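Descriptive structure summary
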Amino acid sequence: MKQESETKAKAGAVIIPVTAFEQNCMLMWCEATRKAVVFDPGGDVPKIQAAIQQTQVTVEKIWLTHGHIDHVGGAAELRDALKAPIEGPHIADKFLLDNVVASGARFGMTGGRDFTPDRWLEEGQSVSIGELSFDILHCPGHSPGSVVFFNKEMRFAHVGDVLFAGSVGRTDLPGGDHATLIKSITEKLLPLGDDVGFICGHGPGSSFGQERMTNPFLTGTAFT
Ligand SMILES: [Zn+2]
Ligand SMILES: [Zn+2]
């Protein structure tokens, strides 16, 4: 007979791919309270709202990993619709949030607005939704103001575009720097533990252990 796990899942989540960049907007909620957060509403706000309605959770926060258009294009619109505050990214990405309309125009994305978050996030701070708490790690390199959200108890991180399954964030955009990015990953993320699973801004998630052992950018076998 199978024994039921003693610890019930503390959180639920759905991924909502948004924009032409197939960005992983994520709706995550605390199972105990059904309070929820939307990570990186990059656009397609009606699609995000439909997902919220379907899961019947109460969104109280909007969290941003960094300031790129595919992650923040729908943030101001969603804040207005839900009356939920925007937290993040780090203030070093202010130049991106001040230019949402301009960068949207470059990619043919309309409906975005320039905005200021209700709270900038910094290394060492924590944010919470319901009974879930996340530590903030400032991880520059892909963008100067990228932050990672880490839930210690669940061994889970949302890493934005810092790290991907088998790859790392691009560093050819304004403020990007490859050496800084690798430093962020090796000095801040990997030490959190091999068992930490993550989701990222694009494509499938992975774990820090899997990436530490096989990611060519971390094993030194990638041509950069
Ligand atoms: Zn990005
Ligand atoms: Zn992205």
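Residues numbered from 1 in each chain as written. Chains lettered and ligands numbered in written order. Predicted model: local features only at pLDDT ≥ 70, side-chain atom pairs only at ≥ 80, totals over all residues. Heavy atoms only, no water.

Focus on the sheet that holds strand β6 (residues 126-129)
Whenever strands of a sheet pair, they do so through backbone hydrogen bonds, lying parallel or antiparallel. Put simply, the test is: Here, strands pair whenever DSSP counts at least two bridges between them. Numbering goes from the N terminus for both helices and strands, where a helix is a DSSP run of H or I of at least four residues and a strand is a run of E of at least two.
Here we have 6 strands laid out as an open sheet, ordered β6-β7-β8-β9-β12-β13, and mixed in their pairing. Each edge of the open sheet carries a strand with a single partner, namely β6 and β13 (206-207). Pairing of strand β12 (residues 197-199) with β13, which is carried by 2 bridges, proceeds in the antiparallel orientation. Residue pairing across strands places G197 opposite S207, the latter belonging to β13.

Concerning the coordination of the zinc ion (ligand 1)
The condition is simple: Here the coordinating atoms are restricted to nitrogen, oxygen and sulfur within 2.8 Å of the metal centre, or 3.2 Å for Na, K and Ca, and because water is not among them the sites may look incomplete. In short, tetrahedral needs four donors with all angles between 85 and 135 degrees, square planar needs four and octahedral six donors with opposite donors over 155 degrees apart and all other angles between 65 and 115, and whatever is left is irregular. Between buried and exposed lies partly exposed: a residue is buried under 20% and exposed over 50% of the maximum accessible area for its type, with that area taken using a 1.4 Å probe on protein chains only.
Note on the zinc ion (ligand 1): its protein donors are H66 (NE2), H68 (ND1), H142 (NE2) and D161 (OD). The metal-donor distances range over 2.1 to 2.4 Å. Here the zinc ion (ligand 1) is ringed by 4 donor atoms whose angles at the metal span 89 to 170°, and the overall shape comes out irregular. Summarised as a motif, the one-chain spacing of the donors to the zinc ion (ligand 1) is H-x1-H-x73-H-x18-D. In this structure, the zinc ion (ligand 1) lies 3.5 Å away from the zinc ion (ligand 2), the two metals sharing D161 as a donor. Linking H142 in the loop between β7 (132-138) and β8 (147-151) with D161 in the loop between β9 (156-158) and β10 (163-164), this pair joins segments that are 19 residues apart in sequence. An identical accessibility class is assigned to H142 and D161; each is buried.

Side note on the coordination of the zinc ion (ligand 2)
The protein atoms that coordinate the zinc ion (ligand 2) are D70 (OD), H71 (NE2), D161 (OD) and H202 (NE2), at distances spanning 2.1 to 2.4 Å. Here the zinc ion (ligand 2) is ringed by 4 donor atoms whose angles at the metal span 86 to 162°, and the overall shape comes out irregular. Motif for the zinc ion (ligand 2), donor spacing along one chain: D-H-x89-D-x40-H. The buried category is assigned to D70, whose relative accessible area is 8%.

With respect to the pairing of strand β3 (residues 35-39)
The condition that has to hold: Assignment of crossover handedness uses the view with strands pointing away from the viewer, where a clockwise path from the first strand over the helix to the second indicates a right-handed crossover.
Of all 5 residues that make up β3, 4 are buried, and the element is covered over most of its length. Two successive antiparallel strands, strand β2 (residues 23-30) and β3, enclose a turn made up of 4 residues, where R34 displays a positive phi of approximately 60°. Two strands pair when backbone bridges link them, and β3 and strand β4 (residues 58-63) are joined in this way by 5 bridges, in the parallel orientation. Across the sheet, residue V38 finds its bridge partner in β4, namely I62. Between β3 and its parallel partner β4, the chain crosses via helix α1 (residues 45-55), and the hand of that crossover is right-handed.

Observations regarding helix α3 (residues 75-82)
Definition in use: The directions considered for the arc are those from the helix axis to the C-beta atoms. In what follows, residue pairs with any heavy atoms lying within 4.5 Å of each other are defined as contacts.
Looking at α3, one finds that the buried residues are A75, A76, L78 and R79. An end-on view of α3 places all buried positions within 165° of arc, on one side of the element. Next to the buried residues of α3 lie β3, α1, β4, α2 (69-72) and β5 (86-87). At the exit of α3 stands K83, carrying a positive phi of roughly 55°.

Re the nonpolar core
Grouped burial of nonpolar side chains is what soluble globular proteins tend to show. Here is the rule we go by: In plain words, nonpolar cores are sets of buried Ala, Val, Leu, Ile, Met, Phe, Trp, Tyr and Cys residues tied together by side-chain atoms within 4.5 Å.
Counting 25 residues, the largest nonpolar core has I16, L27, V38, I48, L64 and F115 as its most contacted members. Residue assignment for this core shows that the elements contributing at least two residues are β1 (11-18), β2, β3, α1, β4, α2 and α3. Tallying contributions element by element places α1 first for this core, with 4 residues. Other than its neighbours up to four places away in sequence, L27 contacts G12, A13, V14, I16, A36, V37, V38, A51, I52, T55, V57 and V59. Core analysis: the second largest hydrophobic core is formed by 21 residues, C139, V168, F198 and C200 among them.

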